[in-house]
Amino acid sequence: MCLPLNVDVPMTRLPVANWVLIGLILCASVAGWCDERIADLLAGLDRPAPQWRAPDGRPGAPDSQQIAIANARQFGRARFRPSWWQYPIIAVTCTFLHADLLHLAGNVVFLWVFGNALNYKLGHARFVALYLAGGMLGSFAVYTTLPGLPCIGASGAIMTVVGGFLVFFPRNNVSVVVPLWVPMWLESFEVSSWVMILLYVGLDLLMLWLDPESHVGYIAHLVGFFLGFVYGLLLAVSGKLESTPYEQNLLEVLQRRE
């Protein structure tokens, strides 16, 4: 799939809130990789304490190597069973975790490209509120459709940002590249943002239809996108955010074609 590099959106204020979110995501993800207790806490996982018994079955005093072995055997036994009041908290905190470096890098690139522009447009308070709401709603979509499974990653929240971006900047160009399976890149090229965004939304719809029980959060992506798109439309219809000479929101584009 194509990977965005930047968007043609002149900004009149710095997207500081988006930079702070990216910093928190980077810190939380790395901390989770370094210490599984942090990852468990943010994802809402309960990992039973390792039990060690002497070879004859009687309790004993294990040394450090035996404790390490016991911990390793317990590593894959984390359970997702938070209390009802923990769900709203975990639905947000889990969005700051990522499974690996590739997962983190892909999400951070999308958030940097689309989040900076939407942060500039909405302002800091609206942007952060929309981001967190999208992350929470996307996580709940996973908890509902795949009960008993945890959710990690910022994809649902980022697709909320992408949905809002589509409303305000549908015709602004996105510079993209297509990464290859070898250490080289194709030359970058530009497409209208609506083309790239609808391509990704269509892929999420296709993958959700082909594999509705996939552990990839396609449902979180779609729910987040819908939230951001609807919120953006409401702001555009109300006229609270006017377009600059470098922008045309979706309503203005559709009106000109009528």
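Further up the page is the structure itself.
Described in the following lines is the structure provided in the data block.

Basis of the calculations
- Residue positions are given per chain, counting from 1 as you read along its sequence in written order.
- For this predicted model, a pLDDT threshold of at least 70 governs which residues receive local features, and a threshold of 80 or more governs which side-chain atom pairs are given and counted, while totals over whole chains, interfaces and linings are taken from all residues.
- Calculated side-chain values reflect all of the structure's heavy atoms, with hydrogen atoms and water omitted.
- Counting from the N terminus, the helices are the DSSP runs of H or I reaching at least four residues and the strands are the DSSP runs of E reaching at least two.
- Burial classification: accessible surface area is computed with a 1.4 Å probe over protein chains only, and a residue below 20% of its type maximum counts as buried, one above 50% as exposed, and the rest as partly exposed.
- Every residue pair with non-hydrogen atoms within 4.5 Å of one another is taken to be in contact.
- Only the protein chains shown count as covering a residue, and every accessible area follows the Shrake-Rupley method with a 1.4 Å probe.
- Pairs of strands are assigned from DSSP output, requiring at least two bridges between the strands.
- To obtain each axis, a line is fitted to C-alpha atoms, and for helices this fit is confined to the stretch in contact; angles are then taken between N-to-C directions over 0 to 180 degrees.
- When a carboxyl oxygen of Asp or Glu is within 4 Å of a side-chain nitrogen of Lys or Arg, the pair counts as a salt bridge.
- Think of a patch as exposed residues, more than 30% relative accessible area, with no salt bridge, where like charges cluster within 9 Å and nonpolar side chains (Val, Leu, Ile, Met, Phe, Trp, Tyr) cluster within 5 Å.
- N or O atoms within 3.5 Å of each other form a polar contact, as long as, within protein, one can give a hydrogen and the other can take it, and as long as residues adjacent in sequence are counted only when both atoms are side-chain atoms.
- Cavities and pockets are found on a 1 Å grid laid over the protein atoms alone: a cavity is a set of points where a 1.4 Å probe fits but cannot escape, a pocket is an open set with protein on both sides within 12 Å along at least five of seven lines, and a lining residue has an atom within 4 Å of such a point.
- Grid points are joined across faces, edges and corners, and a volume is the space filled by probe spheres set on the points.
- Side-chain classes follow a simple rule in which Ala, Val, Leu, Ile, Met, Phe, Trp, Tyr, Cys and Pro form the nonpolar group, Asp, Glu, Lys and Arg form the charged group, and the remainder, Gly included, forms the polar group.

Let's talk about the overall build of the protein
Counting its secondary structure elements, the protein contains 10 helices and five strands. Across the 258 residues of the protein, 41% fall into the buried class. When contacts within the protein are restricted to residue pairs at least 6 apart in sequence, long-range pairs at least 24 apart make up 78% of them. Of the roughly 14500 Å² of accessible surface on the protein, 66% is carried by carbon and sulfur atoms.

Description of the sheet that holds strand 4 (residues 173–177)
Judged by pairing direction, the sheet is antiparallel, and its three strands sit side by side in the order 1-4-5 without closing on themselves. Since the sheet does not close on itself, it has two edges, and those belong to strand 1 (3–7) and strand 5 (189–192), each with one partner. For this sheet, the mean angle separating the axes of adjacent strands, direction not counted, is 40 degrees. Both strand 1 and strand 4 contribute to a ladder of four bridges, which runs antiparallel. Looking at the pairing, valine 7 lines up with valine 174 of strand 4. The sheet strands contacting helix 5 (residues 101–122) are strand 1 and strand 4, and the helix crosses strand 1 at an angle near 30 degrees. Most of the contacts of helix 8 (residues 193–210) go to strand 5, to which it runs at about 80 degrees, and overall it touches strand 1, strand 4 and strand 5.

Overview of the environment of histidine 124
Relative to the helices and strands, histidine 124 is located in helix 6 (residues 124–145). Exposure remark for histidine 124: the relative accessible area of 38% places this residue in the partly exposed category. Separated by 106 residues in sequence, histidine 124 and asparagine 18 place their C-alpha atoms 8.0 Å apart. Leave out the neighbours within four places in its chain, and histidine 124 touches Leu14, Pro15, Val16, Ala17 and Asn119.

A short note on the pattern of salt bridges
The tally for this structure, following the rule as stated, stands at two salt bridges. Between aspartate 35 and arginine 37 there is a salt bridge; the shortest N-O distance is 3.0 Å. Note on aspartate 35: relative accessible area 21%, which makes it partly exposed. Among the ionic pairs, glutamate 247 bridges to lysine 121, the shortest N-O distance being 2.6 Å. Note that glutamate 247 is positioned in the loop between helix 9 (218–238) and helix 10 (250–257) and lysine 121 in helix 5, a separation of 126 residues in sequence. The exposure class assigned to glutamate 247 is buried, which follows from its relative accessible area of 6%.

A word on a nonpolar patch on the surface
A surface patch of nonpolar side chains, amounting to about 580 Å² of accessible area, comprises Leu14, Val16, Trp19, Val20, Leu24 and Trp112. It is helix 1 (residues 16–34) that provides the largest number of residues to the nonpolar patch, a total of four residues. Relative to the helices and strands, valine 20 resides in helix 1. Taking relative accessible area as the criterion, valine 20 reaches 48% and is therefore assigned partly exposed.

Brief notes about helix 2 (residues 36–43)
Turn by turn, an α-helix covers 3.6 residues, leaving residues three or four places apart pointing in a common direction. Taken as a whole, helix 2 has its buried residues at Ala39, Asp40, Leu42 and Ala43. Lining the buried residues of helix 2 we find helix 1, strand 2 (45–46), strand 3 (79–80) and helix 4 (87–93). Two to three positions downstream of the cap, the backbone nitrogen of arginine 37 sits 2.9 Å from a side-chain oxygen, assigning the N-cap of helix 2 to aspartate 35. Trailing helix 2 by a residue or two, glycine 44 shows a phi angle of about 80 degrees, which is positive.

Looking at empty space enclosed by the protein
One pass over the full model with this rule turns up one cavity of 30 Å³ or more. Estimates place the volume of the largest cavity at around 30 Å³. For the largest cavity, the full set of lining residues is Phe110, Phe114, Met159, Val162, Met196, Ile197 and Tyr200. Breaking the lining of the largest cavity down by element, the ones donating at least two residues are helix 5, helix 7 (155–168) and helix 8. Counting residues per element, the lining of the largest cavity draws most heavily on helix 8, at three residues. Looking at the lining of the largest cavity, its residues break down into seven nonpolar, no polar and no charged.

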